[in-house]
Amino acid sequence: MIELRGVSKTFVTGDQRIEACRNVNLTIEDGEIFGIIGFSGAGKSTLIRCINLLERPTSGSVWIDGREISGLREAELRRERKKIGMIFQHFNLMRSRTIFDNVAYPLKGSGMSRDQIGKKVGELLKLVELEDKAQAYPSQLSGGQKQRVAIARALANDPKVLLCDEATSALDPQTTQSILKLLKQVNHQLGITIVLITHQMSVIKEICDRVAVMEEGEIRETGRVIDLFAHPQQAITRSFIATTSNISRIDDLIREGASITRLQSGETMALLSYNTVNTNQALISRISRDYQVDANIIFGNIEVIQNQPLGRLVVIFSGEKEKVEQAMAELTKAQVKVEVIQSC
């Protein structure tokens, strides 16, 4: 549905050149929810604006549904943009217009009759569960409701692609979940390809099929969300994943000398990384029985991503040294990654 070929964008202000995007090559499949994640200044918002040519790339080409749009003239581009809806962090609703009129606005000049527009807007407001707010004004709505209106408006022209630029960043966690649930519903019900820009790995984990990790204007890593969580290859990806887990706290606690991390003679602290092959097995209790080893779990993080469980545990093993080593070898044999943090 979307293909970026060697897309670069350079901003020039005076004698300063800022390379916001550098040689980005990306393919986004029809009907998938694709995430682009990066810290502030990574170039992700510029990249998404290059997709609908709100920013024209300095070099490279943009293809939507098999057609190159980066070389189109303005009149043709306006027609092609109707295939691309967009929602923003701060909603961008017209304050002086009712919710009905906000959603109906993109249909101006569409050739639809007043009754047809009314029916279309009614269907969209029902989809986003705001049919009772048609005559309200944006100032009367909560942040989550405003974003629902923005989603309805973005869908008015039946787009094939929906671009979401930090669409949940201004919302509280509970409202964020409801908006992500709605976007997933829109994707499944209407078959729309969704591209979602965010700096929150929790959002990527919740909704996306695949993800691209951006840093300094470049794509550092791309893949299925489950694969990146299970086997991150780049330091920037590992740092994002760490924000969704408390496991990284163990290093701080060791440096601080926290009592929970102090080992007795013969004890070994290890980080166990589980994947979808072994999370449903009672490995800890089994090795405790088989090798007469005590296993004290001091940190734990098991989560479900794309309906597949992943987990990491920090465990203190105690017992005879040989037995502990055999137990850890058994875990490795069961495809658990075992990393010794410290031993005594």
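Overview of the structure. (Residues numbered from 1 in each chain as written. Predicted model: local features only at pLDDT ≥ 70, side-chain atom pairs only at ≥ 80, totals over all residues. Heavy atoms only, no water.)

Let us look at the overall build of the chain. Looking only at helices and strands, the chain has twelve helices and 14 strands in total. Once the C-alpha set of the chain is aligned to its principal axes, its extents read approximately 80 × 50 × 35 Å. Looking at the chain as a whole, 48% of its 344 residues are labelled buried. Counting only carbon and sulfur atoms, one obtains 44% of the accessible surface of the chain, whose full area is about 17,200 Å². Here the chain carries 43 positive and 41 negative side-chain charges, and the mean point of each set is 7 Å from the other. (Helix = DSSP H or I, 4+ residues; strand = E, 2+ residues; numbered from the N terminus. Buried < 20%, exposed > 50% of the residue type's maximum accessible area, 1.4 Å probe, protein only. Areas by Shrake-Rupley, 256 points an atom, 1.4 Å probe, with all protein chains shown as cover. Lys, Arg positive; Asp, Glu negative; His and termini not counted. Charge placed at Lys NZ, Arg CZ, Asp CG, Glu CD.)

Further remarks concern the packing of helix 11 (residues 283-291) against helix 12 (residues 321-333). Interhelical geometry of helix 11 versus helix 12 gives an angle of 145° and a closest axis separation of 10 Å. Judged by the sense of rotation from one axis to the other, the crossing of helix 11 with helix 12 is right-handed. On the side of helix 11, the interface is formed by Leu-283, Arg-286, Ile-287 and Tyr-291, while helix 12 contributes Lys-323, Gln-326, Ala-327, Glu-330 and Leu-331. (Axes fitted to C-alpha atoms, helices over the stretch in contact; angles between N-to-C directions. Left-handed = near helix turned anticlockwise from the far one by under 90°. Contact = heavy atoms within 4.5 Å.)

Moving on, we get to unusual backbone geometry. A positive phi angle is found at Phe-91, which is not glycine, with a value near 75°. Its place among the elements puts Phe-91 in the loop between strand 6 (84-88) and helix 3 (99-104). Judged by its relative accessible area of 12%, Phe-91 is buried.

A word on the nonpolar core. Counting 54 residues, the largest nonpolar core has Ile-87, Leu-125, Ile-151, Leu-162, Cys-164, Leu-183 and Ile-207 as its most contacted members. Beyond its immediate sequence surroundings of up to four residues, Ile-151 is in contact with Ile-87, Val-128, Ile-179, Leu-182 and Leu-183. Membership of the second largest hydrophobic core comes to 29 residues, among which are Ile-2, Phe-34, Ile-48 and Ala-212. (Core = buried A, V, L, I, M, F, W, Y, C linked by side-chain atoms within 4.5 Å.)

A few words now on the sheet that holds strand 1 (residues 2-13). Here four strands make up an open sheet; going across it, the order is 2-1-4-5 and the pairing antiparallel. In this open sheet, the two strands that pair with only one neighbour each are strand 2 (16-28) and strand 5 (67-68). Relative to strand 5, strand 4 (residues 59-64) is paired through two bridges, and the arrangement is antiparallel. Residue Ile-64 lies in a different strand from strand 5, and its bridge partner there is Arg-67. The strands that helix 1 (residues 44-51) touches are strand 1, strand 2 and strand 4; relative to strand 1, the one it contacts most, it runs at about 120°. (Pairing = 2+ DSSP bridges.)

Our next topic: the packing of aromatic side chains. One pass over the structure, following the stated rule, counts one aromatic pair. Summarising the aromatic geometry, the rings of Phe-39 and Phe-240 are spaced 4.2 Å apart at their centres and angled 20° between planes, so their arrangement reads as stacked. Of this pair, Phe-39 sits in the loop between strand 3 (33-37) and helix 1 while Phe-240 is found in helix 9 (residues 235-242), placing the two residues 201 residues apart along the sequence. Sitting over the face of the ring of Trp-63, Arg-5 holds its NZ or CZ atom 4.1 Å from the ring centroid. Across the ring face of Phe-11, the terminal group of Lys-9 is positioned such that the distance to the ring centre comes to 5.2 Å. (Phe/Tyr/Trp six-rings, centres within 6.5 Å; stacked < 30°, edge-to-face > 60°. Lys NZ or Arg CZ within 6 Å of the ring centre and 35° of its normal.)

The strand order across the open sheet built from four strands is 12-13-11-14, with neighbouring strands paired in antiparallel fashion. Sheet topology places strand 12 (294-305) and strand 14 (337-343) at the edges, where each strand pairs with a single neighbour. Going from strand to strand, the sheet's axes swing by 15° on average, the running direction of each strand aside. Note that strand 11 (residues 267-274) and strand 13 (residues 308-318) share eight bridges and pair antiparallel. Within strand 13, the position partnered with Ala-270 by the bridge is Val-315. Against the sheet, helix 11 engages strand 11, strand 12 and strand 13, with an angle of about 145° to strand 11.

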